[in-house]
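What follows is each chain in one-letter form.
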Amino acid sequence: MRPAERDRDSFTLLSDTRVRLNGARYERYERRVRRAMTASGVERLAELLVDFEPEHEQLVLHRIELHRKGRVVDQTRSARVRLVAEESELERRMYNGGVTAFIVLSDVRVGDSIDLSYSVIGSAPILGGRYAGYFDLAGSDPVRQRHVEITGEAGRPELHGKVLGAKPTALTNQPIGPSWVDLQDIEPRPDEDRVPAAHQTPWLEVSEFGSWQEVAAWGAKLYPVLAPTREITEQAAALAGLSTDPEEVALRILRFVQDEVRYLAINNEGHALSPHPPRVVLTQRFGDCKDKTYLLLHLLKAQGIDAVPMLVHSGDGAYVMEHEPTPYAFDHVILRASIAGRPHYLDATYSQQGGTLETQVPPEFGYGLVLSPDTTALEALPTPTAPVPELHANTAVSVASDGSALLDVTTVFARRRADQMRDNLASESVKELAERYANFYQTEFPDVEVTTPLTLEDERLENRISIQEHYRVPKFWRDGERALYTESTDGYLKLPRVVRRTRPLGLSHPVWIKDDYRVMLPFRSGVEARHDVSEDDAFKFTRDIRNDGVHVNATFEYRSLANEVPLAKMSAHFEALQRARDWNVLGLGDEIVEQGAAVELEVAKAAPTSLKTFWIVGGVALVLLVWPAGRGLRGLRRRREFARRQRGGEGETAADATSATTRAVAETALIRQACSCGQSLATAPIAWTALRYQGAALHVARQECPHCGDSLRHYFNLTAEGSESAGDA
């Protein structure tokens, strides 16, 4: 047994792929030999999955053999085979017509090897007689041998090949050729989150397209400019109205396609790569990116506005430049319109987008391919710098002498954040939003009262949304203190799930967030002004604390500087993140000390004693404390609890479950959280399961980040709900 195979549930002895090309037809032969080493490995390998697309492919099963101690058991005829509609992307409103052959084997035991071979025979006439494809070279299991080979009849275009992603750590019998790869002893893919595209699991990309110009000329034929129909002409004229300004007309047409033609992808019936006719899309009022872009193209053309489709990749960004010329380097299409001699990049699927053509956020796809016979290379998309923070929260806290407080919160969403909020509001009323926000504050202030209903102002042309909230808190102090921390920046300061890394860390970029606090107290404070900065090459976090007597003002600001952190700088990055997390808090204390009494407070070593200030008011001393490292006075229970929460421990395990009254309250506590990739989880569905841990009934909330796909879970103790146990944790 090889070192990488030890302590594994299973491993692969052979993964062999051979493709034979003949005109537009192809035959892909696959053979996979895998060995089960544990009971869980048996569970995985005894159920085989084979995907194909029956609309243009045929599946042929050759052999299914089970090898056990030198004996071969043929299960080709006895295995149970069931065809299941794949449709794994229904939640993204995508229907591709794929089918999975679900193969169930009998009497599989630990130590058995399963040998499966099959062929998928099909055709891809839409590629114009050329072939393009990609093949994974590594996975979650060790692989002793991985072989890929592609052959074709004489006279075919030259086949180009390139290995993308992280280079496989394997011994190679011979150099990688354009039509074949042979690797040995491939180590399993590390289970790491937030990995940049350039360091993903390696794959082989092959293509018979010789240049980007050939790909562009091929793609241009999929989007021919058709003669205008009556429906298209009338719709374009109605949208333009009496306006003669081409930018205004283009904006009206763009918003119509974005907002009133819903996204729905039906990629069968020969439309995996080609769009449906624009007249059909207009009539049915739905389509995918190809359909909506094609409709937008013809509506603009009907008003004399020049435009052309552009292929992009939604996640690879600048890494598209590393691809060989192939249609499969892209997964999305937008429009490049030319108005008054200036290019504008329009995404027809970007619903609820704000701004004018000049000010709206351009699609962040790095590079794209204009579909024109004249195109010879990829084109860079603009990446303008944001002029203002995309999220700016202003919180005013007025604390009365009786310990109550008024909270007035104004949050301004701009640019991308305004677009995201506007998209959320398309499916959620302002009343529902107000209830969610109030529930969120109730998790911190159980007796919070809404004094004035939430108000929302959407200035769409300026692409700015302002939300104002007003609350009263009868009991502001908790155990003589109150910690105010910033939810909006907290998500970007979290460590990744895996910190012992072998690959770089991907970051959301660009990001600019700002939080301002203005706290008015019923006494003068002696808080020391501070300016704290934690930064590296990837981000910069600042905390400024100012004091003019009865007002304590604090500003927290986070700005990203890069989209990834290299391995060599990972340790320094994590240290900078931890410093920022420690500073991402404003701690306030309302300690009552008897007049004339000599009282000593245990001060944390990290907190200078100069920050411990007493102000005598009416026979008592009120203490206002701001601790620079987020740790504060170790002798106070609440601060230890707060510091633990800032480290992200609460709710992450069953032993440290978060208390909440109901699921609604728990979900409210999750809505403003961010994934470790920095993206909001507000729209991520929450799946609940019940379990028992050491005799206590708990509930687990599971979410999947819509941006990076990372799976997150949070444990809750729901005190006001009954629960059904799903077993012990």
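Residues numbered from 1 in each chain as written. Predicted model: local features only at pLDDT ≥ 70, side-chain atom pairs only at ≥ 80, totals over all residues. Heavy atoms only, no water.

### Notes on the confidence of the model for the protein chain
So the rule is basically this: pLDDT runs from 0 to 100 and stands for how confident the predictor is about each residue. Contacts: residue pairs with any heavy atoms within 4.5 Å of one another.
With 82% of its residues at a pLDDT of 70 or more, the protein chain shows a mean pLDDT of 83. Every residue in residues 591-648 is under pLDDT 50, and counting partners more than four places away or in other chains gives 117 contacts.

### Some words on the nonpolar core
Note the threshold: Definition of nonpolar core: a set of buried residues of the types Ala, Val, Leu, Ile, Met, Phe, Trp, Tyr and Cys, connected through side-chain atoms within 4.5 Å. For every residue, the accessible area obtained with a 1.4 Å probe (protein chains only) is divided by the maximum for its type, and the residue is called buried under 20%, exposed over 50%, and partly exposed between those limits.
Core analysis: the biggest nonpolar cluster contains 65 residues, and L296 and L300 have the highest contact counts within it. The residues contacting L300, other than those within four sequence positions of it, are A250, I253, I305, A307, L335 and L346. The next biggest cluster of nonpolar side chains, apart from the first, holds 53 residues, and it includes L407, A418, Y471 and F574.

### Examining the pattern of salt bridges
As a reminder, the rule being used: A pairing counts as a salt bridge when a side-chain nitrogen of Lys or Arg comes within 4 Å of a carboxyl oxygen of Asp or Glu. Note on conventions: DSSP H or I runs of at least 4 residues are helices, E runs of at least 2 residues are strands, and numbering of each starts at the N terminus.
If you walk through the whole model with that rule in mind, you get 42 salt bridges. Residue R252 is joined to E248 by a salt bridge in which the shortest nitrogen-to-oxygen separation is 2.5 Å. Taken as a pair, R252 and E248 lie in helix 4 (residues 246-260) at a separation of 4 residues, close to a single helical turn. Taking the relative accessible area as the measure of exposure, E248 reaches 34% and is therefore partly exposed. A salt bridge links D259 to R460, with the nearest nitrogen and oxygen atoms 2.8 Å apart. With D259 in helix 4 and R460 in the loop between strand 26 (449-459) and strand 27 (464-473), the pair connects residues that are 201 residues apart, well separated along the chain. Taken together, the shared-partner salt bridges in this structure form one network comprising R68, D107, R109 and D112.

### Focus: the sheet that holds strand 24 (residues 391-399)
Cut-off, in case you're wondering: Only strands that DSSP links by at least two bridges are regarded as paired with each other. The angle between two axes is taken between their N-to-C directions and runs from 0 to 180 degrees, where each axis is a line fitted to C-alpha atoms and a helix contributes only its stretch in contact.
Reading across from one edge, 26-27-25-24-30-33-32-31 is the order of the 8 strands in this open sheet, with mixed pairing throughout. In this open sheet, the two strands that pair with only one neighbour each are strand 26 and strand 31 (530-535). Looking at each pair of strands side by side, their axes are set apart by 10° on average, direction ignored. Two elements, strand 26 and strand 27, share 8 bridges in a ladder whose sense is antiparallel. Among the inter-strand pairings, E459 is bridged to a residue of strand 27, identified as R464. Set on the sheet, helix 8 (residues 430-444) makes contact with strand 25 (405-414), strand 26 and strand 27; between it and strand 27 the angle comes to about 45°.

### Focus on the sheet that holds strand 6 (residues 80-85)
Spatially, 3-8-6 is the arrangement adopted by the 3 strands of the open sheet, whose pairing is antiparallel. Edge positions in the sheet fall to strand 3 (47-52) and strand 6, since each has one partner strand and no second. Mean inter-strand twist for the sheet, computed between neighbouring axes without regard to direction, equals 25°.

### Examining the environment of A380
Mapped onto the fold, A380 is located in strand 23 (residues 379-380). Taking the C-alpha atoms as reference points, A380 and G368, separated by 12 residues in sequence, lie 6.5 Å from one another. Ignoring sequence-local partners within four residues, the contact set of A380 consists of Y345, G366 and Y367.

### Re the packing of helix 3 (residues 230-240) against helix 4
Stated formally: Put simply, a crossing is left-handed when the front helix is turned counterclockwise from the back one by less than a right angle, and right-handed when it is turned clockwise.
Relative orientation of the contacting elements helix 3 and helix 4 amounts to 120°, with a least axis distance of 8 Å. Regarding helix 3 and helix 4, the two cross each other, and that crossing is right-handed. Packed against helix 3, whose contacting residues are Q235, L239 and A240, the element helix 4 presents V249, R252, I253 and F256 at the interface.

### Here's the deal with the packing of aromatic side chains
In plain terms, the rule: Classification of ring pairs rests on two measures: the distance between centres of Phe, Tyr or Trp rings, Trp counted by its six-membered ring, which must be within 6.5 Å, and the angle between planes, read as stacked under 30 degrees, edge-to-face over 60 and tilted in between. Only Lys NZ and Arg CZ are tested; either one counts as a charge over a ring when it is within 6 Å of the ring centre and within 35 degrees of the ring normal.
In total, this model carries 12 aromatic pairs according to the counting rule given. Ring centres of F209 and W218 lie 6.0 Å apart, and the angle between their planes is 65°; on these two criteria the pair is classed as edge-to-face. Each member of the pair, F209 as well as W218, is classed as buried. Directly above the ring of F209 sits R130, whose terminal nitrogen or CZ lies 4.9 Å from the centroid. If you follow R482 out to its NZ or CZ, it ends over the ring of F476, 5.7 Å from the centre.

### Quick word on the pairing of strand 22 (residues 367-370)
Summarising the sheet, strand 19 (residues 306-312) and strand 22 pair through 3 bridges and their orientation is antiparallel. Looking across to strand 22, one finds that V312 is bridged to G368. Summarising the sheet, strand 22 and strand 23 pair through 2 bridges and their orientation is antiparallel. Residue pairing across strands places Y367 opposite A380, the latter belonging to strand 23.

### Section: the side chain of T555
Operational definition: Here a polar contact means two N or O atoms within 3.5 Å. Within protein one must be a hydrogen donor candidate and the other an acceptor candidate, and residues neighboring in sequence count only if both atoms are side-chain atoms.
One can find T555 in strand 33 (residues 551-560). Among the polar contacts listed, one links the side chain of T555 to the side chain of R546, at a separation of 3.2 Å. Sequence-distant contacts of T555, defined by excluding residues within four places in its chain, comprise K514, D515, D516, T542, R543, D544 and R546.

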